[in-house]
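# Analysis of the macromolecular model
Next come the chains, spelled out residue by residue.
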Amino acid sequence: MQEKKVLITIFGGTGDLAQRKLYPSLFRLYQKGHLKDQFAVIGTARRPWSNEKYREVILASIANLASSEEQAVTFASHFYYQSHDVNDTNHYATLKNLADELDREYELDGNRLFYLAMSPTFFGTIVNHLKSQGMLTSEGYHRVIIEKPFGTDFATAEALNKEITNVFDESEIYRIDHYLGKEMIQSISAVRFANMLFEAMWNNRYIDNVQINLAENLGVEERGGYYDQSGALKDMVQNHILQVLALLAMDPPAAFNEAEIRSEKIKALRAIRLYDEEEVAKNFVRGQYVEGKIAGRKYQGYKEEENVNPDSRTETFVAGRFYIDNFRWSGVPFYVRTGKRMTEKGTRINIVFKSVPINLFSHSFDEEKQNLQKPEPNVLTIYIQPTEGFSLSLNGKEVGNNFNLLPVKLDYRNSAEIIANTPEAYEKLILDSLNGDGTNFTHWQEVAQSWKIVDQIRKAWDNDTTSEIPTYAAGTMGPDEAFHLIAEDGFEWVWQPDNWYRERGEL
Ligand code: NAD
């Protein structure tokens, strides 16, 4: 394996993301030999830290990962701190000098990766200064990783994109959606394109509906202030859910590479129906959690959370129905559901196949259940997190003299050991950016189309300032309206973890 020669500059080097995710990810890349001797990291933020203080923070953030103290200390010695206010033009001169010096010392060939791990309000300022203050004149490559959110609607995203593309070429921009770094999200393509069984049936002739769930059991925690301005639609649907949907719905790419995958994803996103206000009301449901109790624990409602407006109309839950108007998917609803304070944390996708065209068993009678036999639809489930794997439900025959159908599940889950050794999303994504591979990042055209889809929904909700926002008790899977939405079409949510608690009287 060839080590990467690179200078990584992290804006927001004292922040939460840097400490919890970026430093441990860089350390894992170091342990695996992707980073070795010829790399250096500059951390910048406003605090007046010294290199020593910064290295102590690095050591603390990798404390459980290092196999020896020597390894940890050698790794940390590659880190340099530069106090810097991103609004202050003069500070960039100091930063440039340090960058040039480290470039020479570590023989980095002028390769530079900038990681913007700061509030999005600064993204434009930073990239403009990188150019104007000569940080991008070195010999090697210049790439920028941009954290989410990329804009707050299409107009702001477009303005931000203009600022960034004035400085960096699209091929040098790596917009993070950390979901795309997850092992099982990447596995969607393996399941689809490496199995004749599925790809042959991956269309409206055989699939009844698709369900994408991104449930969180946490509330807004200390992010109340941010969340109240954003809400579930912008926080989860615009990025993660539409990205997953694009991966599920796209046509098979001509080759498994960045350009081909991207072009198919963009086509899929463009085929998603844009709703007018009336269609939004019919196809989308929002919700807000109120006080609830699950398994003996009581949780407060959203409006009681810290830093949340007590009259807030921000949604903490979204369920909706998308249509993809192309030959493959015409008529197949793609249901999406996401929210906070739901029963369980879990990201899972259910592909619900159509029932057999004729029920040959309709005349057999299940004595015990006193009902006629009806085959269950086959369901392919992809478990993204916290468990990873997939299952396929099939119908068999129950052993015995009667002819009773027996639904069975072929189930595969990654073991705890595999999960423990799964690279962190950030580790995979940083390595991709060092390799110049943008497959698992979002292209501007994807971001633009996702905002156009979401803006229509947001606009309809914002225009409606009077109707009650449906509520759901903390610990449940959303308001009744979300169940009606899918029941209207004669379907139901495949994943209902709340039933387990209800049956035991714990909800
Ligand atoms: P944070 O508030 O913990 O860190 C912000 C950093 O910016 C700090 O280092 C601070 O010193 C620095 N900073 C602020 N103003 C500055 C200025 N004028 N000049 C120089 N430095 C300044 O934020 P965070 O949670 O680390 O998030 C950073 C980015 O990552 C955001 O875009 C966020 O949306 C995104 N993100 C964070 C997480 C997470 O888990 N924390 C997850 C996903 C995305």
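Since the model is a prediction, treat every value here as computed from it, not as a measurement.

## Some points on the domain arrangement of the protein
Under the domain assignment, the protein is made up of domain 1 (6-147) and domain 2 (180-353 + 417-423 + 443-503). On a C-alpha basis, the centroid separation for the pair domain 1 and domain 2 is 34 Å.

## A few points about the site of the ligand
If you check the shell around the ligand, you find 21 residues, and the closest are T14, D16, L17, R20 and K148. D16 places a polar side-chain atom, nitrogen or oxygen, 2.6 Å from a nitrogen atom of the ligand. Interatomic distance of 2.8 Å between a backbone N/O atom of K148 and an oxygen atom of the ligand. Relative to its free-state accessible area of 830 Å², the ligand is covered by the protein chains to the extent of 75%. Taken together, the residues of the shell around the ligand sort by class into nine nonpolar, six polar and six charged.

## Observations regarding helix α14 (residues 444-463)
Relative to the 28 Å expected for 20 residues at 1.5 Å per residue, α14 spans 28 Å between its end C-alpha atoms, a close match to the ideal helical length. With 14 of its 20 residues buried, α14 lies for the most part within the structure.

## Notes on the environment of M477
Within the secondary structure, M477 is located in the loop between β19 (471-473) and α15 (480-487). The sequence separation of M477 and R337 amounts to 140 residues, and the corresponding C-alpha distance is 9.1 Å. When neighbours within four sequence positions are excluded, M477 is seen to be in contact with A215, F317, R337, M342, T343, F483, W495, P497 and D498.

Criteria and cut-off values
- Residues numbered from 1 in each chain as written.
- Predicted model: local features only at pLDDT ≥ 70, side-chain atom pairs only at ≥ 80, totals over all residues.
- Heavy atoms only, no water.
- Domains from an automatic or database assignment.
- Near = heavy atom within 4 Å.
- Polar contact = N/O pair within 3.5 Å; in protein donor to acceptor, adjacent residues only side chain to side chain.
- Areas by Shrake-Rupley, 256 points an atom, 1.4 Å probe, with all protein chains shown as cover.
- Nonpolar A, V, L, I, M, F, W, Y, C, P; charged D, E, K, R; others polar.
- Helix = DSSP H or I, 4+ residues; strand = E, 2+ residues; numbered from the N terminus.
- Expected span 1.5 Å × (residues − 1).
- Buried < 20%, exposed > 50% of the residue type's maximum accessible area, 1.4 Å probe, protein only.
- Contact = heavy atoms within 4.5 Å.

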